[in-house]
Amino acid sequence: CLLDRPTLNSRIHILKYDELQPSLKTKISSSDLIDSLQTLPWATARDTSGFVSRKSCWLTRDNCKCDYKYGRSTWKSNECPIFIGDICTEIALLTGKEEPNGINANWYSSVEHHLDYHADNEPLFQQEDGSALIVSLSIGSPTAFSWKENATDKEDTTILSHGDFLVMEGHTQRYYKHVVHPSR
């Protein structure tokens, strides 16, 4: 666990695909991960200055068919591949919460790809009871992921590698902002 602040009901975890893979029903090596995801309808994401910041795809499962609105963009719902559904089971075991029904996949294919500081505080993720569970999958180039508490601006950083699942739970979006820095 990278962040565990019980008083703020905020936690951040990274699950490494290579470590999860042996326990999954569906066997896909991390080297085959990009090939297995290439058929998804990836959309180009742009930052506020119009620069291409990454490719993204909003994956949903079970009965969730909701679209994800982020900034000026709307990401349409896409059926989650089976092996990612297996990972949702592992995430539920880790967090003690229900399995997530949505995952934001981000493809960083360039060292210049990034995300500006933000909180995932869109209505889709607002859970006043602290049960929010936000999951993103990073594929492609390694990226520096940082988060900082709103009250202190103290920043912590880790590396997100190809196949990492980032899990943010509780009130993390209320008390923290996060960013993916360009790798250049």
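Participant: Please give an account of the overall build of the chain that cites residues and values.
Facilitator: A count of helices and strands for the chain gives four helices and 14 strands. In summary, the chain has a C-alpha radius of gyration of 15 Å against a globular reference of 16 Å for 184 residues, a match within 12%. Along the three orthogonal principal directions, the C-alpha set of the chain runs to about 40 × 40 × 30 Å. Going through the 184 residues of the chain one by one, you find that 51% of them count as buried. Counted over contacts in the chain with a minimum sequence separation of 6, partners at least 24 positions apart contribute 70%. Entry remark: accessible area of the chain is about 9100 Å², with carbon and sulfur atoms responsible for 49%. A distance of 4 Å separates the average location of the 19 positive side-chain charges in the chain from that of its 25 negative side-chain charges.

Participant: Before we move on, could you go through the pairing of strand S3 (residues 43-46) and cite the residues and values that matter?
Facilitator: Where S3 lies against strand S4 (residues 52-60), four bridges are found, and the strand directions are antiparallel. Each residue of the ladder has a partner; that of Ala45, found in S4, is Arg54. Connecting S3 to the next strand, S4, in antiparallel fashion are five residues, including Gly50 with a positive phi near 90°.

Participant: Provide a residue-level description of the pairing of S4, including the pertinent values.
Facilitator: Residues in a regular strand project their side chains so that they alternate between the two faces of the sheet. The element S4 is largely enclosed, with a buried count of seven among its nine residues. With three bridges connecting them, S4 and strand S7 (residues 77-79) associate as parallel partners. When the sheet's bridge partners are listed, Thr60 is paired in S7 with Glu79.

Participant: Describe the sheet that holds strand S11 (residues 143-149), naming the residues involved and giving the relevant values.
Facilitator: Strand order in this open sheet of four strands is S9-S14-S11-S12, and the pairing throughout is antiparallel. Single-partner strands in this sheet number two, and they are strand S9 (115-118) and strand S12 (155-160). When the angles between neighbouring strand axes are averaged without regard to direction, this sheet yields 20°. Bridging between S11 and S12 involves six bridges; their strand directions are antiparallel. Among the inter-strand pairings, Lys148 is bridged to a residue of S12, identified as Glu155.

Participant: Quick one: what's the story with helix H2 (residues 30-37), residue by residue and with numbers?
Facilitator: Here H2 has its buried residues at Ser30, Leu33 and Leu37. Within H2, the buried residues cover an arc of 5° as seen down the axis, which keeps them to one side. For H2, exposure combined with an orientation more than 90 degrees from the buried face picks out Ser31 and Asp35. Close packing links the buried residues of H2 with helix H1 (17-20), helix H3 (82-95) and strand S10 (133-140).

Reading the values: rules and limits
Residues numbered from 1 in each chain as written. Predicted model: local features only at pLDDT ≥ 70, side-chain atom pairs only at ≥ 80, totals over all residues. Heavy atoms only, no water. Helix = DSSP H or I, 4+ residues; strand = E, 2+ residues; numbered from the N terminus. Rg over C-alpha atoms; globule rule 2.2 N^0.38 Å. Buried < 20%, exposed > 50% of the residue type's maximum accessible area, 1.4 Å probe, protein only. Contact = heavy atoms within 4.5 Å. Areas by Shrake-Rupley, 256 points an atom, 1.4 Å probe, with all protein chains shown as cover. Lys, Arg positive; Asp, Glu negative; His and termini not counted. Charge placed at Lys NZ, Arg CZ, Asp CG, Glu CD. Pairing = 2+ DSSP bridges. Axes fitted to C-alpha atoms, helices over the stretch in contact; angles between N-to-C directions. Arc of directions from axis to C-beta.

All we've got here are geometric facts, nothing functional implied.
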